[in-house]
Amino acid sequence: MLVIDGSMGEGGGQVLRTSLALSLLTGTAFHMTKIRAGRSRPGLMRQHLTSVQAAAQIGSAEVTDAGVGATELVFRPKGVQGGAYTFATGGAGSTTLVFQTVLYPLLLAAKVPSTLRLEGGTHNPMAPPVDFLTTAFLPLLARMGARVDVALERHGFYPAGGGAWSATVHPAAELSRLELLERGEVRSRRATAVVAQVPGSVAVRELDTLATGLGWDRNACRPLVVRDSNGPGNVLLATVESEHVTEVFTAFGERGVRAETVAKRVVDEATRYLHAGVPVGEHLADQLLMPMALGGGGVFRTQRPSPHCLTQIALLETFLGVSIEAAHEDDDVWRITVPARASSRST
């Protein structure tokens, strides 16, 4: 049984979610201590517990010591079963993070397609929104040979939640190698300011600031008013579609924070990405590591690896015995090389 220090690296919920997914895929039991010790409120919160319960459900796993506030647990998987599942975070907890926990086990270890309904937060700070999955991440996963169909039913913002979306995961025999070394020609730039129970002027101000800051066509920057949310919410999304990859940059409105400040966050992140000239942004890099390590490997160029990225690398090396290389090439340009999983090399 592996013993994993939950405070390793960035010390948050990612350590738990990645460990759960890799445990299901490898059949390796683990004992995690110091769960989320790097956070102001250590231990399992409800959304983390939902990930544990979801992993246990699809993997018929035995779990001990898991509860809200728990700082350690033992997880013993038995076997992944595809099927129809509903996972609810019980509030505004991120459903996309729960989805990431079960995605690869259902994709690579299940024998039949799985349909998932996820209820809770769909657009949360510190988590990829559903738009990022559908626009930036899942197209690349499809390029590797995976088929995952997603449909957003209702937006759910923090703190009210109430969002819902569905995903159908089709089993894949294997994932092919991915190489993303060049971005290619930028084909389009667009932005959307989503507002729910928030004045429309907020969206206008965000889009005006973003278009000016990035020098984008204001006609490609549009508001989206959500009328069926459980509570107020605001998210600004900027999309850069290039020849070989599409990136999405986001910032969330907060009470007491000016619309211009929210937009400036997106402007700064998108500007850094465009200036670096790399195809893969900071957050997309985190997402690509696991499918590459579980499949045919590959290589991509990105910005300076974040603490999340380095933590993900360490966990993949622990569970899979791979050696992932992060090499600094120039200024804010890094090359990440991921070897193929042994089973993929032999096929």
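The model shown is predicted, which means the values in this text are computed figures rather than measured ones.

What counts as what
- Residues numbered from 1 in each chain as written.
- Predicted model: local features only at pLDDT ≥ 70, side-chain atom pairs only at ≥ 80, totals over all residues.
- Heavy atoms only, no water.
- Helix = DSSP H or I, 4+ residues; strand = E, 2+ residues; numbered from the N terminus.
- Contact = heavy atoms within 4.5 Å.
- Expected span 1.5 Å × (residues − 1).
- Buried < 20%, exposed > 50% of the residue type's maximum accessible area, 1.4 Å probe, protein only.
- Phe/Tyr/Trp six-rings, centres within 6.5 Å; stacked < 30°, edge-to-face > 60°.
- Polar contact = N/O pair within 3.5 Å; in protein donor to acceptor, adjacent residues only side chain to side chain.
- Core = buried A, V, L, I, M, F, W, Y, C linked by side-chain atoms within 4.5 Å.
- Pairing = 2+ DSSP bridges.
- Axes fitted to C-alpha atoms, helices over the stretch in contact; angles between N-to-C directions.

Caption draft 1: The environment of Arg147, seen in detail. Note that Arg147 resides in strand 7 (residues 147-154). For the pair Arg147 and Val169, spaced 22 residues apart in the sequence, the C-alpha separation amounts to 6.5 Å. Discounting residues that sit within four places of it in the chain, Arg147 has contacts with Thr168, Val169 and His170.

Caption draft 2: Broad picture of helix 6 (residues 259-276). Compared with an ideal rise of 1.5 Å per residue, which puts 18 residues at 26 Å, helix 6 spans 26 Å between its outermost C-alpha atoms and is within 8% of the ideal. Every buried residue of helix 6 is listed here: Ala259, Val262, Ala263, Val266, Val267, Ala270, Tyr273 and Ala276. Contacts from the buried residues of helix 6 go to helix 5 (200-214), strand 12 (233-242), strand 13 (246-252) and strand 16 (333-338). With its phi angle positive at about 80 degrees, Gly277 sits one or two positions after the end of helix 6.

Caption draft 3: The arrangement of the packing of aromatic side chains in detail. For the structure on display, the rule yields 5 aromatic pairs. Note on Phe30 and Phe319: the rings are 6.4 Å apart at their centroids and 85 degrees apart in plane angle, and the pair reads as edge-to-face. Remark: Phe319 occurs in helix 8 (residues 307-320) and Phe30 occurs in strand 2 (residues 30-33); sequence separation between them is 289 residues. Per residue, the accessibility class of Phe30 equals that of Phe319, and both read buried.

Caption draft 4: Broad picture of the side chain of Thr122. Positionally, Thr122 belongs in the loop between strand 6 (114-120) and helix 4 (130-143). Here Gly156 takes part through its backbone nitrogen, which lies 2.8 Å from a polar atom of the side chain of Thr122. Leave out the neighbours within four places in its chain, and Thr122 touches Thr95, Thr96, Pro129, Val130, Leu152, Arg154, His155, Gly156, Gly163, Ala164 and Trp165.

Caption draft 5: Main features of unusual backbone geometry. Going from Tyr158 to Pro159, the amide bond is cis rather than trans, its omega being 10 degrees. Relative to the helices and strands, Pro159 is located in the loop between strand 7 and strand 8 (163-170). One non-glycine residue, Ser60, lies in the positive phi region at around 45 degrees. Within the secondary structure layout, Ser60 lies in the loop between helix 2 (46-59) and strand 3 (62-64).

Caption draft 6: The arrangement of the nonpolar core in detail. Counting residues in each nonpolar core, the largest one holds 106 residues, and the members touching the most others are Phe99, Phe137, Leu141, Leu210 and Leu288. Apart from the residues within four sequence positions on either side, Phe137 is in contact with Leu103, Tyr104, Phe132, Leu284, Gln287, Leu288 and Pro291.

Caption draft 7: Representation of the sheet that holds strand 5 (residues 84-88) in the model. With mixed pairing, the 4 strands of this open sheet are ordered in space as 5-6-8-7. Strands at the two margins of the open sheet, each flanked by one partner only, are strand 5 and strand 7. For this sheet, the mean inter-axis angle between neighbouring strands, taken without regard to orientation, is 15 degrees. The pairing of strand 7 with strand 8 spans 7 bridges and is antiparallel. Its bridge partner lying in strand 8, Val148 is registered against Val169. In the packing of helix 4 onto the sheet, contacts are made with strand 7 and strand 8, and the angle to strand 7 comes to roughly 170 degrees.

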